[in-house]
Amino acid sequence: MTATEQELRTQPACWRAALDLLPRVSGQLPGPGERVLAVGCGTSWFIAAAYADLREAAGHGWTDAATATEVSSVRDYDRIVAISRSGTTSEIIDLLAAHRDTPSVLITAVGEGPAAAHAGAEIVLDFADETSIVQTRFATTALALLRGSLGEDLAPAIADAEAALAQEPAPHWIEAEQLTFLGTGWSKHLADEAALKLRESSQSWTESYYAMEYRHGPIAIAQPGRLTVSFGTAPAGLQEQTEATGATFLAPGIDPLAQLAAVHLAAVRRAEARGLDPDRPRSLTRAVHLEPAP
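Residues numbered from 1 in each chain as written. Predicted model: local features only at pLDDT ≥ 70, side-chain atom pairs only at ≥ 80, totals over all residues. Heavy atoms only, no water.

Looking at an unreviewed UniProt entry, one finds the chain named Sugar isomerase, with Brachybacterium phenoliresistens as its source organism.

Caption draft 1: A look at the nonpolar core. Grouped together as the largest cluster of nonpolar side chains are 54 residues, with contacts concentrated most on Ile107, Ile123, Leu125, Leu143, Trp173, Phe181 and Leu190. It is helix 5 (residues 137-149) that provides the largest number of residues to this core, a total of 7 residues. Split by domain, this core shows at least three residues from each of two domains, domain 1 (3-152) and domain 2 (155-274). When neighbours within four sequence positions are excluded, Ile123 is seen to be in contact with Leu21, Val25, Gln28, Leu29, Val105, Leu106, Ile107, Thr108 and Leu145. Counting residues in each nonpolar core, the second largest holds 17 residues, with Cys41, Val71, Ala82 and Leu95 among its members. (Core = buried A, V, L, I, M, F, W, Y, C linked by side-chain atoms within 4.5 Å. Buried < 20%, exposed > 50% of the residue type's maximum accessible area, 1.4 Å probe, protein only. Helix = DSSP H or I, 4+ residues; strand = E, 2+ residues; numbered from the N terminus. Domains from an automatic or database assignment. Contact = heavy atoms within 4.5 Å.)

Caption draft 2: Here's a closer look at the sheet that holds strand 9 (residues 248-250). Across the sheet, 4 strands lie side by side as 7-6-8-9; this open sheet has parallel pairing. If you trace the sheet from one side to the other, it starts and ends with strand 7 (206-210) and strand 9, each paired once. Strand-to-strand twist in this sheet, taken as the mean axis angle between neighbours without regard to direction, amounts to 20 degrees. Bridge count between strand 8 (residues 226-230) and strand 9: 3 bridges; the pairing is parallel. Within the sheet, the bridge partner assigned to Leu227 lies in strand 9 and is Thr248. (Pairing = 2+ DSSP bridges. Axes fitted to C-alpha atoms, helices over the stretch in contact; angles between N-to-C directions.)

Caption draft 3: Spatial organisation of the packing of helix 3 (residues 43-57) against helix 5. Running from amino to carboxyl end, helix 3 crosses helix 5 at an angle of 15 degrees, the nearest separation of the two axes being 10 Å. Taken together, the axes of helix 3 and helix 5 are roughly parallel relative to one another. In the packing of helix 3 onto helix 5, the handedness of the crossing is right-handed. Contacts from Thr43, Ser44, Ile47, Ala50, Tyr51 and Leu54 of helix 3 reach helix 5 at Phe138, Ala139, Leu143, Leu146, Arg147 and Ser149. Along the lines of polarity and charge, the residues of the contact of helix 3 with helix 5 split into 8 nonpolar, 3 polar and 1 charged. (Parallel < 35°, antiparallel > 145°, perpendicular 65-115°, else oblique. Left-handed = near helix turned anticlockwise from the far one by under 90°. Nonpolar A, V, L, I, M, F, W, Y, C, P; charged D, E, K, R; others polar.)

Quick look at the structure:
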């Protein structure tokens, strides 16, 4: 078993650990009514965006999300939530350093890293740290913590993840020529992350869209031998329209976070079937460190 698979299988346990930690760190997270910016890069950006949508939908206040290099220069915030697995991501360090006057919290797997020096507070999920290059359990654990901070009951999500990870991916996950992931609201960002996981791990052709937008052009890619996967409830009629193209349509109906964990396992199996090593994805490193401009 690869290190990536060993780690991704611990996700339900990590989510429980995050919820156990929450009472001790909740004071460092945004309170109701605060204007919040959630930031990350790569996978962490998708997690930040999912949190932003969930926080606003829960009525906790205006919440923007951005990748760290694309933050608006004309908006002010009461608090910044930055997510970085390594705590060494160059863009996160630069952002926090440039916004020292704004209260901030860094969610990371490695404490006291370079980014922490510029953050007002630090939440360390060291039990969810990973040796794998491709992120799995840290990202989902960070979102479990943030969902818990919004008052969500994650027991159903944990149960869904345990059940999903107990099953081997169906053959269509391995054999599909192309995969498209769909979502609505916060689950769209998990669809983005699912597509990224397949690209990183197995060099697969994947795409992701808002579910209602799929019919406005992207459905043209659907055909026999290709797979379309819905995170959350699919809009009425979308499954029938997709299947009319000959493509396979999946809507598991489980918590989207648990569904993402199942995609992690499918990505590993697809990589292995292609003769690739999930622990050594092409052209990737554990963290991105950009050299300062001369």
